[in-house]
Structure formats: structure tokens, C-alpha cells
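# Working through the structure, step by step
So you can see what is in the structure, the chains are spelled out below.
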Amino acid sequence: MTVLSMLPPLREAIMTHLDSESLTTLLKTKPANKLEIWEDLKIISFTRTIVAVYSSCMLVVLLRVQLNIIGGYLYLDNSAGRSPTTPLAPPDVQQQYLSSIQHLLGDGLMELISVVKRAVHSSLGGVSLKQTLSLLDVEQQLSWIRAEVEGASRHPLSWYLLSDDESALADQACGLTENDVMTIRLLNETRDMLDSPDFSAVLAACLNRAFSRLLDNLAEFFRPPLGGSAPSSAPDSLSVVSLPLAKIVPIVNGQINSICSDAPSPFVQELLMSDHMKKFAANVYETFSTPQELQK
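## Here we look at helix H10 (residues 197–219)
A rise of 1.5 Å per residue sets the reference length of H10, with its 23 residues, at 33 Å; its end C-alpha atoms lie 33 Å apart and thus fit the reference within 8%. Three or more residues of H10 are buried, namely Phe199, Val202, Leu203, Cys206, Leu207, Ala210, Phe211, Leu214, Leu215, Leu218 and Ala219.

## Some points on the confidence of the model for the chain
Looking at the chain as a whole, the pLDDT averages 87, with 87% of positions reaching at least 70. Averaged over each element, pLDDT in the chain is lowest for helix H8 (residues 165–171) (53) and highest for helix H11 (residues 245–253) (96).

## Overview of the packing of aromatic side chains
Summed over the entire model, instances satisfying the criterion amount to 5 aromatic pairs. Ring centres of Tyr75 and Tyr285 lie 6.5 Å apart, and the angle between their planes is 65°; on these two criteria the pair is classed as edge-to-face. Placement of Tyr75 in helix H3 (residues 34–77) and of Tyr285 in helix H14 (residues 275–288) is noted, with a sequence separation of 210 residues between them. Taking the relative accessible area as the measure of exposure, Tyr75 reaches 45% and is therefore partly exposed. For Tyr285, a relative accessible area of 31% translates into the label partly exposed.

## Remarks on the pattern of salt bridges
Throughout the structure, instances matching the rule amount to 9 salt bridges. The shortest N-O distance in the salt bridge between Arg223 and Glu220 comes to 3.4 Å. Among the charged side chains, a salt-bridge network with shared partners connects Arg209, Arg213, Asp216 and Glu270.

## Remarks on the nonpolar core
Within the largest apolar cluster, 95 residues are counted, with the highest numbers of intra-cluster contacts made by Tyr54, Met58, Ile69, Tyr73 and Ile248. Those residues within four positions of Met58 in sequence are excluded, and the remaining contacts are Leu104, Leu112, Leu157, Tyr160, Leu161 and Leu203.

## Things to note about unusual backbone geometry
If you check the backbone angles, Lys30 has positive phi at about 55° while not being a glycine. Note on placement: Lys30 falls in the loop between helix H2 (20–27) and H3. By relative accessible area, Lys30 is classed as exposed at 73%.

Reading the values: rules and limits
Residues numbered from 1 in each chain as written. Predicted model: local features only at pLDDT ≥ 70, side-chain atom pairs only at ≥ 80, totals over all residues. Heavy atoms only, no water. Helix = DSSP H or I, 4+ residues; strand = E, 2+ residues; numbered from the N terminus. Expected span 1.5 Å × (residues − 1). Buried < 20%, exposed > 50% of the residue type's maximum accessible area, 1.4 Å probe, protein only. pLDDT = per-residue confidence, 0-100. Phe/Tyr/Trp six-rings, centres within 6.5 Å; stacked < 30°, edge-to-face > 60°. Salt bridge = Lys/Arg side-chain N within 4 Å of Asp/Glu carboxyl O. Core = buried A, V, L, I, M, F, W, Y, C linked by side-chain atoms within 4.5 Å. Contact = heavy atoms within 4.5 Å.

What follows is the structure, given as C-alpha cells:
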């Protein structure tokens with residue numbers, strides 16, 4: 001399992017739950033409630049792009065944690081003195097453990113969509129489709145939405161990543177196989193990592209980079225015309241060009257195809273290769289490849 005292999009199902013899940021395509025198709029029929037549909041499209045377009053940024057970053061960091069925890073245990077399994085007949089992380093355990101990422105594509109994603117959609121509506125719900133916005137205005141809107149999602153939410157961002165189902169499973173003391181017990185242990189250790197300051201710092205760094213990349217993509221649509229009065233290299237040039245929100249909506253709507261693009265995905269590759277990510281992954285591996293960890 002790799003991050004890049006999980007991007008298509010993530011993109012499909014987001015587009016299914018936030019179906020803007022059906023609205024754009026409906027608009028082509030020139031319905032009587034055209035304005036109402038446009039308002040819905042505005043909220044859904046921003047919601048799905050912002051959810052794509054959050055969930056992609058979460059996917060990258062969570063899978064990095066899981067693969068390096070497994071890598072640490074595999075190292076111990078192959079160390080001198082370990083019995084090959086009693087591996088710490090046999091293939092069945094690895095598969096069961098990694099399948100927990102489906103929560104992020106299911107219930108976790110639904111919860112995230114709900115929180116982001118509420119924040120988008122709070123920020124953009126009252127903004128007219130005719131109102132013109134510069135790229136700096138869009139950046140401010142994104143900052144407000146992020147502040148509400150990350151600051152005013154009832155849960156930390158790590159809450160969306162793993163289910164609590166294994167807690168119920170752990171209560172059923174009888175009937176658990178050795179593999180079940182080991183899977184529960186791996187999930188509990190993963191949750192400890194997700195609750196750590198290091199995880200929060202790495203996820204925050206990923207989100208900052210990802211939203212910056214999103215703005216870079218949007219900037220291509222806000223370039224001053226060639227021969228215009230403001231040189232495109234001027235520091236304030238991005239505040240010169242303004243577009244009606246109705247024109248920005250389809251631009252934002254299409255960004256999911258860049259954020260969750262099929263391999264190779266420059267967006268995700270940049271996150272995977274960041275210094276924050278590589279250092280964090282190395283620390284996770286080191287933690288779980290030391291024999292002392294077994295005694296906890």
C-alpha cells in the first residue's frame with residue numbers, strides 16, 4: 001500500500017460525497033432556480049477542494065506513520081535472536097492494521113466534510129457571486145476557513161484518522177486471536193503517535209505547504225494581462241486582478257484533480273519529500289525498531 005495508490009479512491013470518495021458535476025449539468029438546462037444551484041455549487045466547490053487538501057495531507061502523514069511502525073517491527077523480526085516462527089508483525093497483522101486507513105476514506109472523511117462545509121458556509125455563504133475577489137481575498141477566505149476547522153472544531157485533526165472500533169474489540173477479552181491482539185497493539189501505538197506534538201507539527205507543516213501550493217495553482221488564473229499597467233512580478237500584482245466569485249467557483253472546483261491526481265502526483269510527492277516528513281518518518285522507524293519498545 002502506498003500513498004499514491006490511495007489517492008484515486010480518496011478522490012472518488014470526495015467527489016461522490018461532494019458532487020458538483022451534477023449541479024453543473026443541471027445548470028446547463030437553465031432551470032428556474034439557477035441562483036440557488038449556483039449558491040450550492042459555490043459551497044460544494046470550495047468544500048471539496050479544501051477537504052481534498054486536508055485529507056491528502058492526513059493520508060500522507062498517517063500512512064507514513066503506519067508503514068514506519070511496521071518497518072520497525074519487521075526489522076526486529078529479522079534481527080538476530082528472533083524466532084522466525086513467531087513474528088511480531090506477520091502479513092495478516094500488517095494487512096489488518098493497514099486496512100484501518102479505510103476509516104479516513106469513510107466515516108472520518110464524512111465527519112471532515114461536515115466540519116469543512118460548515119466553515120465554508122460561515123465564511124463564504126454571505127458573499128455574492130457577483131462580488132469580485134483578488135487572489136489575496138481568496139487567501140484570506142481560506143485562512144478564515146482553516147482557522148474555524150482547526151481551531152474551533154470539537155476534535156483535533158488526528159481524530160478523523162482512526163476509528164475507535166478496536167476499543168470495543170479489546171473489551172471482548174475472549175475470542176481474540178494473537179493477530180487481533182497484535183493489531184490492537186499497533187493501532188494503540190499509532191494513536192499515541194497521532195496524539196504526539198511531533199505529529200501535529202508535521203501535519204501542520206504539510207497543510208501549510210499544501211495550501212500554499214493550492215494558491216500557487218489558483219494564481220495562474222489571476223495573472224495580470226500581458227502589457228497591463230502592473231508588471232506580473234510586482235509584489236502587489238496579485239491584488240490587482242480581481243474576478244467575480246462566479247468565475248472563481250469553477251476554478252476552485254477543478255483543483256481536486258491536481259491535489260488528488262494519479263501517480264505521479266507532484267502535489268503529494270512534494271509533501272513526501274519534505275524535510276519535516278522525512279525526519280518524522282525516520283524518528284518513527286527508529287522508535288519502533290529498538291528492542292526496548294517491546295518491553296512497553
